[in-house]
Amino acid sequence: MTDFAQTKALFDLPEGVIYLDGNSLGPLPSAAPAAMQKVMHDEWGKMLITGWNKAGWMAQPARVGDRIARLIGAEPGHVVMGDTLSIKLYQALASALEMRPDRRVVLSDSGNFPSDLYMAQGLLKSLGRDYELRVVPPEDVAAHITDEIAVLMLTEVDYRTGRLHDMRALTEAAHAAGALTVWDLAHTAGATEVQLAENKADFAVGCTYKYLNGGPGAPAFIYVAPRHADTARPALSGWLGHEAPFAFDLDYRPGAGIERMRVGTPPVLALAALETSLDIWDLTTMSEIRAASQSLTALFIEEVENRCPDLALATPRDPAQRGSQVSFRFENGYAAMQALIARGVIGDFRAPDIMRFGVTPLYIDAADVRAAAETLEDVMKNRLWDDPAYQTRAAVT
Ligand SMILES: *Cc1c(COP(=O)(O)O)cnc(C)c1O
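Since the model is a prediction, treat every value here as computed from it, not as a measurement.

### Observations concerning the pairing of strand β3 (residues 105-109)
Next, step 1: The element β3 is extensively covered by neighbouring structure, given that five of its five residues are classed as buried.
Next, step 2: Because side chains alternate across β3, one face comprises the buried residues V105, L107 and D109, and the other comprises V106 and S108, equally buried.
Next, step 3: For β3 and strand β5 (residues 149-155), the ladder comprises three bridges, and the chain directions are parallel. Within β5, the residue paired with V106 across the bridge is V151.

### A closer look at the site of the ligand
Next, step 1: Taken together, the residues surrounding the ligand are T84, L85, S86, F113, D116, T155, D184, A186, H187, Y209 and K210.
Next, step 2: A distance of 2.6 Å separates an oxygen atom of the ligand from a polar atom in the side chain of Y209.
Next, step 3: Starting from 390 Å² of accessible surface for the ligand in isolation, the protein chains cover 85%.

### With respect to the side chain of R290
Next, step 1: Following the sequence through the fold, R290 ends up in helix α9 (residues 286-307).
Next, step 2: At 5.9 Å, E193 is the nearest oppositely charged side chain to R290, a buried residue that forms no salt bridge.
Next, step 3: Of note is the side chain of R290, whose polar atom sits 3.0 Å from the backbone oxygen of R322.
Next, step 4: Ignoring anything within four residues of it in the chain, the contact list for R290 reads L164, A191, T192, E193, P319, A320, R322 and G323.

### Section: the pattern of salt bridges
Next, step 1: Within this structure, the stated rule accounts for 29 salt bridges.
Next, step 2: Its salt-bridge partner being R67, residue E275 comes within 2.7 Å of it at the nearest N-O pair. Linking E275 in helix α8 (residues 268-281) with R67 in helix α4 (residues 60-71), this pair joins segments that are 208 residues apart in sequence.
Next, step 3: Accessibility expressed as a relative area gives 19% for R67, which makes it buried.
Next, step 4: D130 is paired through a salt bridge with R104; the nearest N and O atoms lie 3.1 Å apart. A residue pair is termed long-range when its members are at least 10 positions apart, and D130 in the loop between α6 (114-127) and β4 (132-136) and R104 in the loop between α5 (85-98) and β3 qualify at 26 residues.
Next, step 5: Note on R104: relative accessible area 27%, which makes it partly exposed.
Next, step 6: Salt bridges here are not isolated pairs; linked through shared partners, they connect R63, R67, R70, E275, D279 and D282.

### Here's the deal with a nonpolar patch on the surface
Next, step 1: A surface patch of nonpolar side chains, about 460 Å² in accessible area, is lined by M40, W44, L48 and I49.
Next, step 2: On the secondary structure map, I49 appears in the loop between α2 (32-47) and α3 (51-54).
Next, step 3: Relative accessible area serves as the criterion here: at 67%, I49 is assigned to the exposed category.

What counts and what doesn't
Residues numbered from 1 in each chain as written. Predicted model: local features only at pLDDT ≥ 70, side-chain atom pairs only at ≥ 80, totals over all residues. Heavy atoms only, no water. Buried < 20%, exposed > 50% of the residue type's maximum accessible area, 1.4 Å probe, protein only. Helix = DSSP H or I, 4+ residues; strand = E, 2+ residues; numbered from the N terminus. Pairing = 2+ DSSP bridges. Near = heavy atom within 4 Å. Polar contact = N/O pair within 3.5 Å; in protein donor to acceptor, adjacent residues only side chain to side chain. Areas by Shrake-Rupley, 256 points an atom, 1.4 Å probe, with all protein chains shown as cover. Lys, Arg positive; Asp, Glu negative; His and termini not counted. Salt bridge = Lys/Arg side-chain N within 4 Å of Asp/Glu carboxyl O. Contact = heavy atoms within 4.5 Å. Patch = residues over 30% accessible without salt bridge, like charges linked within 9 Å, V, L, I, M, F, W, Y side chains within 5 Å.

In structure tokens, the structure reads:
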């Protein structure tokens with residue numbers, strides 16, 4: 001059994017703050033500053049360039065990838081770290097499209113995060129005019145899986161509403177139609193029980209600065225199913241994905257398995273910070289996290305609905321159909337969120353009217369959820385949002 005009081009104590013959370021935005025940027029693991037200091041002093045400082053061998057920096061992306069694999073139900077040896085999520089998505093989609101040379105359509109949904117759609121648009125434009133990105137409403141995805149589809153590219157949890165796609169059923173339908181799948185786990189890695197291997201996902205990508213608490217700009221990960229690992233061609237063919245980077249050949253030959261999905265020099269310092277969070281993740285299992293998350297999100301929905309009649313639930317009521325966030329619609333949602341943040345409850349806002357709250361059992365408990373709902377009630381009942389100070393939108397909402 002996970003001791004969630006223990007895991008909570010391993011984060012450096014500011015006094016007086018209830019942090020319901022770990023779905024956007026996870027908090028600082030208390031051990032991270034000293035661990036980074038150590039890597040800087042003892043490895044970078046003392047070993048200099050020999051650190052690539054002596055400190056194992058070169059093997060770090062696959063080693064850390066294995067620690068993530070456990071959390072997303074992936075086979076060991078099939079996840080590697082590096083770059084950002086947008087880049088990894090591009091890479092996965094490019095490889096998948098090349099494996100279906102006779103087809104031209106990428107299917108996605110309007111609940112996908114714009115960067116994923118933008119990256120797909122950019123890639124399809126480079127590939128040529130007859131490629132098409134078909135974007136349909138989330139609830140219509142299954143009906144649009146036809147034999148025209150080359151790749152089904154979905155984000156499992158909708159960043160606005162928290163609605164969770166059925167990975168198993170949609171992957172099965174895609175395969176039955178001869179298509180491949182690219183799953184974006186940005187809002188599921190560390191949030192729900194992802195089962196990549198069991199559900200036969202083809203490619204998956206995700207970031208580590210949200211639920212996985214790797215810190216701002218922490219590197220992304222990519223998964224390629226073992227059955228594709230030695231045939232998928234990396235479109236971003238950088239030297240560290242080469243079979244023999246230090247042979248300095250003039251021609252590219254992809255490395256073995258997931259190693260070929262590496263591009264350039266790994267972010268050693270950022271990976272060191274991420275590892276301190278993965279040490280905390282080692283103290284729990286995704287099934288316990290999922291159970292705790294479902295009960296906390298249910299509690300938050302109940303508390304807020306009882307206290308704030310002007311807020312409309314935007315998240316599925318059935319816990320099996322949502323990720324680990326709760327969203328409410330309110331036309332003055334931006335100002336209300338600013339008023340809430342000013343009172344120590346941090347969530348965020350997504351246009352046009354979504355107030356979003358991440359619920360993260362590693363460091364959020366039932367008392368936090370109740371206290372947050374109480375503060376929200378104060379903001380709503382007393383119209384505290386109706387203050388000019390809360391109206392001006394900052395660059396990051
Ligand atoms: C957060 C998020 C991103 C962000 O991509 P970066 O390249 O890491 O900035 C992309 N896609 C989805 C689905 C996200 O939730």
